[in-house]
Amino acid sequence: MKEDLLEQLRAAVHRLVEGSGEGDPPAFALDVPRSADHGDFACNAAMVLTKRLRRPPREIAQQLIDTLGDAGGLVERAEIAGPGFVNLWLSKSRWQGVLDEILTAGEAYGRSDAGARRSVQVEFVSANPTGPLTLGHGRQAVLGDSIARLLDHQGFAVTREYYFNNGGRQMRVLGESVQARYLEQLGRAAPPPAEALADAEASWPEEVDGLPVRFPRDGYQGGYISEIAEGIRAEHGDGWADDADGSRFGKVAEETIFAEIRVTLDALQVTFDEYYNEKSLYEGGKLEAVVADLRERDLVYEADGATWLRSTAFGLDRDRVLIRSNGEPTYLLPDLAYHREKFRRGFEQFPYVKHAAGALGCPEDAIELVMNQFVTLTSNGEQVKQSTRRATYVTVDDLMADVGRDVFRFFMVQRKAEGHLDFDLDLAKDVDWKKNPAYYVQYAHARTHGIERKAAENGVAMPAPGGVDASPLQLPEEIELLQKLSQFPGVVARAAETREPHHVAYYLRDVAGQWNPYIQDGTRHRVLSDDPALSNARLGLALAVRIVLAAGLDLLGLSAPERM
């Protein structure tokens, strides 16, 4: 609908500027006003044309209205507002025509081939296999999966990838943590005092009660570490007690933890096409190749025993360490190698390390980064205290057990990624559909199936595409519903283009916010009535609402229940 109107407006503007001799007409905006009193659409073309035509914008606005006319039956009326906006109301028949458009397209409504099957890689979650997924990881999982769904919906060839970060210092510390708990269970080591674990500034004893303290100062404290150690002891007894390092312990821990991460992601219905192993970068000489190539470009230097990236050459605030003085790479070096490998595999877009990758010959404009803020959890109006170091955090599994997958996903995606997310546990656990926003949307969908079941009981068939006369839909709220449903393709296109799935969540709440009250009024908006034509039109409207809600819920990874 909007594109049809834009085409008519462009033609009208072109006629107004013909003969001005100043090239093509300038670009203008056509937007949906916040208030319905200002029309279905508002256009700023008259103000944009003021300089070109050298006339007052309101005068140009009137000329534009006269030139546009009814736009081939599309426009019912037009008015000038403010300094020269043109507010436009479309004819009811055009809005009614949206119904058959949706029913004919069915599940394809809102889909696009704009992506032209271009290859896009979305890398997300990529949590280190050092512990269970926390709420921050959960938000990343839902955001990344929703973005991938949106891009796929818009015609891109999407690959979902998990960067399996299992190299470097963190994995060494993980192995040492498990090894220490194993030795403690065998009585060959003592755990550090609780006060030392709780306070990073507290002194760290070398032994307690005559036993050495093997647990690393910055070790992983969660109970899952002791459980992994117990599993090793159950299988191997004291056979690993004399290991010189924690590499075997680290391998077992990595495999155990990542298997649990996979289970959590499966429960979230988040799947991946590729798992890229960080160790392959260490073993394949790719890290050394990155350093050599950067050195050749005079972007690497040595200082204080470490190897540095000259990142100030890119306009950044300071240089960064690539290799520590002890020879261990920082996270930056394998990340650079990983991203270069992505381009070599033929992907056009994905998140991360733009400038240094650009210095290695990778096009910076093909790298996108979607940032998300932290997640805090509140209950009874108070924030639930969490600490990763002390392992007192709430995991994705914990929260999903409390609220369910659908509610978890909706809450994680209903706010802009860059904004802080306050996860209201009390609201998420509330089963009242009128209060819980996830249930509010799902219930709107379920109601369309309830209407169909009621129709079947009364021997009334649901309308088929092309068989719905929408002209009986005359009430303002019915036209407003059709207007809202017509916006779905644009909302999805915008969400995909901006990588912001929260637009879909907002939109679904708006649709549900119009449909639920409409159905609640069983007198004025009675679907099955003595008027067959009106019943058929309203059944068609219910189907159109179902199509849009089901598609939107699927884009966010939520189920579309038939009963609630």
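Given the structure is predicted, the values throughout are model-derived calculations rather than measurements. (Residues numbered from 1 in each chain as written. Predicted model: local features only at pLDDT ≥ 70, side-chain atom pairs only at ≥ 80, totals over all residues. Heavy atoms only, no water.)

## Quick notes on the domain arrangement of the protein
The cut-off we apply is this: Where each domain starts and ends comes from a domain assignment, either automatic or drawn from a database.
The domain architecture assigned to the protein consists of domain 1 (2-90), domain 2 (169-264), domain 3 (278-330) and domain 4 (436-555). Relative placement of domain 1 and domain 4: their C-alpha centres are 31 Å apart.

## Points about the pattern of salt bridges
Here is the rule we go by: When a carboxyl oxygen of Asp or Glu lies within 4 Å of a side-chain nitrogen of Lys or Arg, that pair is called a salt bridge. Numbering of helices and strands starts at the N terminus; helices are DSSP runs of H or I of at least 4 residues and strands are runs of E of at least 2.
In this structure the tally under the stated criterion is 25 salt bridges. Glu-255 is the salt-bridge partner of Lys-251, the closest N and O atoms lying 2.5 Å from each other. One end of the pair, Lys-251, and the other, Glu-255, are both in helix α10 (residues 247-267), four residues apart, so they sit about a helical turn from each other. In this structure, a network of salt bridges that share partners links the residues Asp-145, Arg-149, Arg-160, Arg-409 and Asp-554.

## Let's talk about the nonpolar core
Rule in force here: Remark: nonpolar core denotes a set of buried residues (Ala, Val, Leu, Ile, Met, Phe, Trp, Tyr, Cys) joined through side-chain atoms within 4.5 Å. Only protein chains enter the calculation, and the probe is 1.4 Å; a residue is then buried if its accessible area is under 20% of its type maximum, exposed if over 50%, and partly exposed in between. Throughout, a residue-residue contact means that at least one pair of heavy atoms, one from each residue, lies within 4.5 Å.
Grouped together as the largest cluster of nonpolar side chains are 136 residues, with contacts concentrated most on Phe-408, Phe-423 and Trp-515. Sorting elements by how many residues they give to this core places helix α22 (residues 532-555) first, with 12 residues. Among residues more than four places away in sequence, those in contact with Phe-423 are Val-375, Thr-376, Leu-377, Thr-378, Leu-399, Val-403, Phe-408, Phe-411, Met-412 and Ala-428. Residues Leu-281, Leu-287, Leu-294 and Val-300 belong to the second largest nonpolar core, which totals 16 residues.

## Quick look at unusual backbone geometry
Although it is not a glycine, Ala-71 adopts a positive phi angle of roughly 55°. With respect to the secondary-structure elements, Ala-71 resides in the loop between α4 (57-68) and β3 (75-81). Despite not being glycine, Gln-269 shows a phi value in the positive range, around 60°. With respect to the helices and strands, the residue Gln-269 is situated in the loop between α10 and β9 (274-277).

## A look at the pairing of strand β13 (residues 375-379)
Just so we agree on the cut-off: Pairing between strands is defined by DSSP: at least two bridges between the two strands are required.
Across the five residues that make up β13, a large majority, four, are buried. Where β13 meets strand β15 (residues 421-424), four bridges bridge the pair, whose relative direction is parallel. Within β15, the residue paired with Val-375 across the bridge is Leu-421. As paired elements, β13 and strand β14 (residues 382-383) share two bridges and run antiparallel to each other.

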